[in-house]
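Chain residues, written in single-letter form:
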Amino acid sequence: MVITMEKIKFFDGGMGTMLQADGLKPGELPELLNLTAPEKVAKVHKAYAEAGSDIISTNTFGANSLKFDNVEEIVSSAVSLAKSAGKMVALDIGPTGKLLKPLGELSFEDAYEVFKKTIVAAEDKTDIILLETMTDLLEIKAAVLAAKENSKLPVFVSMMFDDTGRLLTGTDIRSAVVTLEGLGVDAIGMNCGLGPEQMYEFVRELRSYTKLPILVNPNAGLPESVNGNTVFNVDAQEFAECMERIAKLGVSYLGGCCGTTPEHIRKMIEACGKIPSAITQPEPTTAVCSYSKTVELGTDRVIIGERINPTGKKLFKEALRRHDINYIVREGVAQKEAGAHILDVNIGLPEIDEPSMMKESVLALQSVIDLPLQIDTSDPIAMETALRCYNGKAMLNSVNGKDEVMKQVFPLAKKYGAVVVCLCLDESGIPETADGRIEIARKIIETAKSYGIPKNELVFDALAMTVSTGADNANQTIDAVRRLNDELGVKTVLGVSNISFGLPNRDEINSTFFAMALQAGLSAGIINPMSEKMMNIYYSFRALKGLDDNCGDYITKISAKKQAETEQPVTDLKTAIIKGIKNEAAKCAEKLIENTDSLEIINGYIIPALDFVGDEFEAKRMFLPQLLMSADSAKAAFDVIKARMTSSDSSQSGKRVILATVHGDIHDIGKNIVKVLLENYGFDVIDLGKDVPPEKVLEETVNSNTELVGLSALMTTTVPAMEETIKLIHENTDAKVMVGGAVLTKSYADMINADFYAKDAAESVKIAKKCLKI
């Protein structure tokens, strides 16, 4: 279905581009001009309004409390200046420039407060809240919640994807859509980083997934340096022609980002002004996701790993009492390797603080595992705590037909966008027949609808009752599964092992029942993926049902089994680092250090593990969270052996690298990631921090006799400061300079005379090893 609006609405273009043309100096903060030179800001707004823009964005991209003490004053002035143009106004909010925990130092709650302060300062005097140039899904969630809980304005989210269609932290387009639609944002799109030609296919992909209006604000192509100034290589006419193609994909809002001017906007409006805003409505799906992986129920059968649950597990209960998060992570990793697609997380014990433990477990699991999680709790506080910090769109286990429970759970599911597991029971208990369970399911569907939750966001558990207490129990459950699919058109899930409770050789009963349920149309089974019988049934069923092309997964499963039978299962240091299990890495290092030389551990385990992770990251098979957690695990191992090392042991002794975010730029995410990796490879890193003047970088380079300097920048307005820094270093030392950052390209790095361009953190390690001859 296609919904056609009256017309596309047009945003303005690059604020920084125009301010630079009007004298903004390298390193000068554009937001301060709202107070010190308001006429310059108003002049830009007026120019875009006269070019035809329908929506003017406030000059507040970096106006947050991490950067300024007077946020309220800056935002208030910026809103007034934008409103003076006589158009709709968007409160423009950019990222904090920090990674959130556990990858960085900024907590989710603190990020929320940063965004909240900016939003509250605007006092709802704008028409839209625009979250733009966002690169971290969890940070986006903090910003969206801050907007929705402190404002009544529509919330638009615009993200900066790289040339592979992923955010900095690894989120793909579909996972972004699944999460943000669940959170209830009003429009979704992309800006910055790429030109319109590079964005075209990503906009097409976005349109295929989302029912929301789309906004697209590209750069004017790719950046270049001309006479010390940053310019972009797509002129107004070419920009307009590219945007016309994008407009015809079905978008609602168009504008520009870095390098675009009023002329770019005017030409774009001429080309696209008469194209209707067509919004395609994809078929509803039932999908959950992590920050980087989406799992859709219904297209294939899904395995939900059941082992993170203390019920009947003595060792697990002891681990929870000891607050052993590492035990939980190991269970998660093992289930992923065994073939699970989603992990159930239940840590309920009467004697522990369940909300706190649930939050910590979710954060720990998501830091090393990319599978979606199923939050399994009956405690509404633990439920909300986990949903709030979850990175992606979670599955929520569970609600049932009891009115009191639905009143507790459905508002949380609606607010945070979870897919809800619905148990077919109510105040009268579990009906003995399929008819009774279907009746409860109908009631749940209607009640959910009253909360604004459609049935595709519900997954129904027909409830497997142990066959030992009723000869017809299995038949009634299977019948209910079939009817839930056929009559109600909903997806289904079962805790399969309940069918065999109280019986010997439970795997025999469980696996047979699992096969029956799959044949009846079961969408997802909550099972033990470590059970060979259960997984054999799963892979065999898929092969026989035509869900496994050329029986590829089945053959791979059998081959892996044969290989495992000939090998001894080993958890070694290299594996622990690759999987990012910090505590396990430290334990492995402690065992090795007893009879292995320190350098042999570093060169034989730690460095090869980091090399493997770096290669996987470069190939886009691993993403930033795994990269950082692996680095953190390597550091834990290195700390264990550091005390045994003499100064002559250090393989990179004297190999020093200076890192700095250039003058005027406070976004130090990239620089901090590079620092972590370099230190784990044994380099001595001198971190000068952010907003570093060129003279300070030069002074430290000379004083420390450093051979390699790394510079980073996120904002186009600060790239001239990078060029100035490179010039100073080259004129006064023999040091080499590598550069990186979202706004840079290889050709741009060459133009500003950098010696090396690092497209990502892993590449910076290769450059350092090459440059310093390691």
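Use the structure listed above.
Student: Which residues make up the overall build of the chain, and what are the values?
Tutor: Looking only at helices and strands, the chain has 29 helices and 27 strands in total. Taking 28 Å as the expected radius of gyration for a compact globule of 774 residues, we find that the chain reaches 28 Å, a close match to that expectation. Projecting the C-alpha coordinates of the chain onto the three principal axes gives extents of approximately 85 × 70 × 50 Å. Scored against the burial criterion, the 774 residues of the chain give a buried share of 59%. For the chain, contacts bridging at least 24 residues in sequence account for 76% of all contacts bridging at least 6. Carbon together with sulfur atoms contributes 49% to the accessible area of the chain, which is approximately 30,500 Å² in total.

Student: Describe in detail the pairing of strand S17 (residues 373-376), supporting the description with residues and values.
Tutor: With burial as the criterion, each face of S17 is covered, one bearing Leu373 and Ile375 and the other bearing Gln374 and Asp376. As paired elements, strand S16 (residues 342-345) and S17 share three bridges and run parallel to each other. Note on S17: the bridge partner recorded for leucine 343 is leucine 373. What joins S16 to S17 is helix H13 (residues 354-368), and the crossover it makes is right-handed. Summarising the sheet, S17 and strand S18 (residues 395-400) pair through three bridges and their orientation is parallel. Each residue of the ladder has a partner; that of isoleucine 375, found in S18, is leucine 396. In the classification by handedness, the crossover that spans S17, the intervening helix H14 (residues 380-389) and the parallel S18 is right-handed.

Student: Quick rundown of the nonpolar core? Include the residues and the values.
Tutor: By size, the foremost hydrophobic cluster in this structure holds 163 residues, and its most contacted members are Met159, Leu254 and Phe460. A per-element tally of this core places helix H6 (residues 137-150) first, with nine residues. Leaving out residues up to four positions away in the same chain, methionine 159 has contacts with Met134, Ile140, Leu167, Ala176, Leu180, Ile188, Gly189, Met190 and Asn191. Ile577, Cys588, Ile593 and Ala762 belong to the second-largest nonpolar core, a separate cluster that totals 47 residues.

Student: Could you give an account of the sheet that holds S18, naming the residues involved and the relevant values?
Tutor: One closed barrel accounts for eight strands, arranged S15-S16-S17-S18-S19-S20-S21-S22; its pairing is parallel. Between one strand axis and the next, the sheet turns by 30° as a mean value, whatever way the strands run. Bridging between strand S15 (residues 302-308) and strand S22 (residues 524-527) involves four bridges; their strand directions are parallel. Looking at the pairing, isoleucine 303 lines up with glycine 525 of S22. The strands touched by helix H12 (residues 325-338) within the sheet are S15 and S16, with S15 carrying the most contacts at an inclination of about 155°.

Student: Requested: an account of the packing of helix H17 (residues 473-486) against helix H18 (residues 506-519), with residues and values cited.
Tutor: When two helices pack together, their arrangement is given by the angle between their axes and by how far apart the axes lie. Look at H17 against H18: their axes get within 9 Å of each other, and the N-to-C directions meet at 30°. In terms of axis orientation, H17 runs roughly parallel to H18. Judged by the sense of rotation from one axis to the other, the crossing of H17 with H18 is right-handed. Contacts between H17 and H18 involve Ala474, Thr477, Ile478 and Val481 from the former and Phe513, Met516 and Ala517 from the latter. Residue classes in the contact of H17 with H18 are distributed as six nonpolar, one polar and no charged.

Here is what the cut-offs are and how they apply
Counting from 1, residues in each chain are numbered in the order their sequence is written. Local features in this predicted model are restricted to residues whose pLDDT is 70 or higher, and side-chain atom pairs enter the listing and the counts only when it is 80 or higher, whereas totals over whole chains, interfaces and linings include all residues. Only hydrogens and water are set aside; all other atoms, that is, all heavy atoms of the structure, feed into the side-chain values. Starting at the N terminus, helices and strands are each numbered in turn, a helix being any DSSP run of H or I of at least four residues and a strand any DSSP run of E of at least two. Note on method: radius of gyration uses C-alpha positions; expected globular size equals 2.2 Å times residues raised to 0.38. In this scheme, a residue with accessible area under 20% of its type's maximum is buried, one over 50% is exposed, and one in between is partly exposed, where area comes from a 1.4 Å probe on protein chains only. Only heavy atoms enter the contact rule, under which two residues are in contact if any of them lie within 4.5 Å. The Shrake-Rupley method, run with a 1.4 Å probe sphere, supplies the accessible areas, and residue values consider only the shown protein chains as cover. In this scheme, strands are said to pair when DSSP sees at least two bridges between them. By the criterion used throughout, a crossover qualifies as right-handed when its path from the first strand across the helix to the second strand runs clockwise, the strands pointing away from the viewer. Here, the term nonpolar core denotes a set of buried Ala, Val, Leu, Ile, Met, Phe, Trp, Tyr and Cys residues that are joined through side-chain atoms within 4.5 Å. Helix axes use the C-alpha atoms of the stretch in contact, all axes being lines fitted to C-alpha atoms, and the angles between their N-to-C directions lie in the range 0 to 180 degrees. By the definition adopted for this analysis, an angle is roughly parallel if under 35 degrees, roughly antiparallel if over 145, roughly perpendicular if from 65 to 115, and oblique otherwise. When the near helix sits turned anticlockwise from the far one by under a right angle, the crossing is termed left-handed; a clockwise turn instead gives a right-handed crossing. Throughout, the ten residues Ala, Val, Leu, Ile, Met, Phe, Trp, Tyr, Cys and Pro are labelled nonpolar, Asp, Glu, Lys and Arg are labelled charged, and all others, Gly among them, are labelled polar.

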